[in-house]
Amino acid sequence: MKVDLDECIERITRLELLDISLINFLCESMKELLLREPNVVHISAPVTVVGDVHGQFYDVLEIFKVGGKCPDTNYLFLGDFVDRGHHSVETITLLMCLKLRYPDRITLIRGNHESRSITQMYGFYTECLAKYGTAQVWTYFTDMFDFLSIAALIDDRIFCVHGGIGPTVQTVDAIRAIDRFKDIPTDGPLADIMWSDPDPVKEDFSVSQRGAGFTFGKRVVNRFCDVNAVDHILRAHQLCMEGYQILFDDRLTTVWSAPNYCYRCGNKASILEVGENLERNFNIFTEAPESKLEAPAIPKVVDYFL
Amino acid sequence: MRSGYFIDDYLPFFMQPLSGDAGPEAVISTAEGSARIDPGCVHSRLTRPAFALRQVAYPDRRPPVINRGTYIRVRLFDWAVEAFLRQPGVGPGSLQVVSIGAGFDTRPFYLSAGARENLRTYVEVDFPEVVARKMAAMQQADHFAQTQGLDLPFASVYGPLHASAADGDLPLSLTSEKYALVAADAADTAALGRALFDVARLDRHRPTLFLFECVMVYIRPAAADGLFAWLVAPDTGFSSVGMLLFEMIGGGDHFGEMMVKNLKSRNIQLPGLLDDLGAHRARLQRAGFLQTPSRRTGFAGFNLHELFARVVSRAELRRLNTLEPLDEVEEWALLMSHYVMYCGYSEAEAAGAKSATQQVAHPWEAFQQRCFAQGCLESRSIDRAAADPALGPIPGGRLPDGGRTGGRLSFRAPSPP
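Values in this document were obtained by computation on a predicted structure and should not be read as measured data. (Residues numbered from 1 in each chain as written. Chains lettered and ligands numbered in written order. Predicted model: local features only at pLDDT ≥ 70, side-chain atom pairs only at ≥ 80, totals over all residues. Heavy atoms only, no water.)

Let us now look at the overall build of chain A. Within chain A, the secondary structure is distributed over 10 helices and 14 strands. The C-alpha radius of gyration computed for chain A amounts to 18 Å, which stays within 12% of the reference 19 Å derived for 306 residues, consistent with globular compactness. Once the C-alpha set of chain A is aligned to its principal axes, its extents read approximately 50 × 50 × 35 Å. By residue count, 63% of the 306 residues in chain A fall in the buried class. Counting contacts in chain A only where the partners sit at least 6 residues apart, residues at least 24 apart contribute 71% of the total. For chain A, the computed accessible surface area is about 10600 Å², with 50% contributed by carbon and sulfur atoms. Measuring between centres, the 30 positive side-chain charges of chain A sit 1 Å from its 44 negative side-chain charges. (Helix = DSSP H or I, 4+ residues; strand = E, 2+ residues; numbered from the N terminus. Rg over C-alpha atoms; globule rule 2.2 N^0.38 Å. Buried < 20%, exposed > 50% of the residue type's maximum accessible area, 1.4 Å probe, protein only. Contact = heavy atoms within 4.5 Å. Areas by Shrake-Rupley, 256 points an atom, 1.4 Å probe, with all protein chains shown as cover. Lys, Arg positive; Asp, Glu negative; His and termini not counted. Charge placed at Lys NZ, Arg CZ, Asp CG, Glu CD.)

Here it is as structure tokens:
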């Protein structure tokens, strides 16, 4: 099957859904590509790091406006591409096409929402069913998620992961040793790096409110950085009202890239531009005009208790 | 003896969809919305396995944040009403409950036998449009059950239901022994008075609990003040009245602004929206409900985020996490801290004097404590069926209690159909 990826990208940018057989083919190609990528991807700076986008397609287009188009800008997406927003299908389709077209200019690592059980609860499954009339597309995407890399290192100095670290994951080598080609389990090292959160108040590991992963404190972060010879940890996973949050004396940053999350939270979003000398610059943005509730593309029902 | 079917199974099947979503219909649509949420919520009927399975497969699946929030709201009101009605030392048929803006709620038909025994009257009040549709739905549900040879879900609880059309000043109503569904605009105290005293025949000297479950936000502040003042008016008000109120607050932040904006685009206005719990308390004080000489009063309130952490026991939280884990903790915190729930009471001194001489805890004070007691939402204690042996065992057995120890996630997500 000969596929014109530029045409696919152009079509999905106009929110024209690609048909099922094409999605199947693209997912299969993606799996082949990802098979060759290591658990921990090595990236050279400069790179722009993007946090959770959660199906907010217009805001993803906004990211490319604000941060520069791919492949002109080198991108790293920290996972959670789907669920919650109304355009998860378009979002993951676009990101997948970009990865296939420019494999060395965009890196996608896995988030805790790239999983079968979570996507059934948080909207991606429902959206696939609604947009394609069949759950088959969801199966193709979630099978592809099993192949995504799970962490990244920028110039061997900045460690990037979706959630954080856990007691079974003290070294980057431990992450390299994980068998990642499966659905995210409920516990163990793969769950920990997808689900954990920093806790500015604590020193060590503690039980997480989410029911999976752990919270980790200052001592854990310092030890991780020392042992693995990294300067900084970049992660996403947690909503930040200002778009980002820096903790532990500038040793850990949370990047959040979904503005007005769920069309309800009223938060800002950011992307983090890591320069050639690893200097960090936040580019803060708010929701795209098309993402506003009045826009026809967004269905009007935002949930509250009434 | 109850049949194997449950009341809430019926109601959604018999409701006609609303046409259009503009203007005053929009508030009525919130009743619809709540009714749709309730059956779709995995949590509120968790102890009934057949029902829970149906909910999990329910196509209109809500986000976990909404399901969990609906859970806490529904369960807390269930718990509080049971706690009020099953207080010790009251005679049978001595307590009254009034639910303002009750919508398509079916709570009165789920009360335990002990609660029903102490109940004198349970009144549900809402707009005529809602009352008419609920009446029709209830009657159809009973009729359907009859054709199937099953127990009538509604008529078998308090006896036969008599419908009365609106006639001059008398509103549309559906009444039976101990239960009344009456049409009235709560912003009009004259109409409310007719509904409660003429139709539902309430006794203003009996202890009465008012439920304001997300309703006062839709009422203009002046009318709301009027309503609270009317509740405790010297010669015409209730001598011993408590209230339980749940609704959103503005919070004075971005989230609150966004909420107002989002709802506006659905034509839902919030004229009565207050900023925080302090503003609610101040309003009750202004109305003479709280801190009035010659009345014994009390107030205790929380935002839902802290309340959830307080009232949900560890075992219950484990069970919730087993059925549907919650990933979005920050969003949960944001959303829930923009909702408040409080209990207030106001009792004329003469009525209260009796209990003081008996050296027991003041009943309203005790109720307030029980309402928000730490860990009070424990599966077993509020399971409607288990609380009342007369109802018999739950068909199909009980769901197992939670998964492994705290901090661990156990998914039991359904496989796609």
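Next comes the rest of the write-up.
Now for the pattern of salt bridges. For the structure on display, the rule yields 39 salt bridges over all chains. With its nearest N and O atoms 2.7 Å apart, the salt bridge here joins Arg84(A) to Glu331(B). Taken together, the positions of Arg84(A) in the loop between β3 (75-77) and α4 (88-101) and Glu331(B) in helix α14 (residues 329-336) put the pair across two chains. Here the two residues Arg84(A) and Glu331(B) agree in accessibility, since each one is buried. One salt bridge connects Asp203(B) with Arg206(B), and the closest N-O pair in it is separated by 3.3 Å. Residues participating in the shared-partner salt-bridge network are Glu7(A), Glu10(A), Arg11(A), Arg14(A) and Glu16(A). (Salt bridge = Lys/Arg side-chain N within 4 Å of Asp/Glu carboxyl O.)

To continue, consider the UniProt feature "domain: Serine/threonine specific protein phosphatases" (unreviewed entry) in chain A. Per the UniProt entry, the sites bearing "domain: Serine/threonine specific protein phosphatases" (unreviewed entry) are residues 109-114 of chain A in this numbering. Along residues 109-114 of chain A the backbone is 0% helical and 0% strand, and the end-to-end C-alpha distance reaches 10 Å. (UniProt positions renumbered as here; feature names shortened; annotations may be inferred.)

Checked against the element boundaries, Gln369(B) lands in helix α16 (residues 363-371). Along the chain, Gln369(B) and Leu227(B) lie 142 residues apart, while their C-alpha atoms are 25 Å from each other.

We now examine the packing of aromatic side chains. All names here are of chain A. For the structure shown, the criterion picks out 32 aromatic pairs over all chains. Between the aromatic rings of Phe-64 and Phe-77, the centroid separation amounts to 6.2 Å while the plane-to-plane angle is 50 degrees, which identifies the pairing as tilted. Of this pair, Phe-64 sits in helix α3 (residues 57-67) while Phe-77 sits in strand β3; the two residues are 13 residues apart in sequence, bridging distant segments of the chain. The two residues Phe-64 and Phe-77 agree in class, both being buried. (Phe/Tyr/Trp six-rings, centres within 6.5 Å; stacked < 30°, edge-to-face > 60°.)

This part takes up the confidence of the model for chain B. Interpreting fine coordinate detail is not advised for predicted regions of low pLDDT. Residue and element names in this part refer to chain B. The share of residues in chain B with pLDDT of 70 or more is 73%, and the mean pLDDT across the chain is 77. Counting contacts from residues 36-59, a segment whose pLDDT is below 50, to residues more than four positions away or on other chains yields 68 contacts. Taken as a whole, residues 355-359 scores under 50 in pLDDT and shows 3 contacts with residues more than four places along the chain or in a different chain. Note on the complex model: pTM 0.80, ipTM 0.79. (pLDDT = per-residue confidence, 0-100.)

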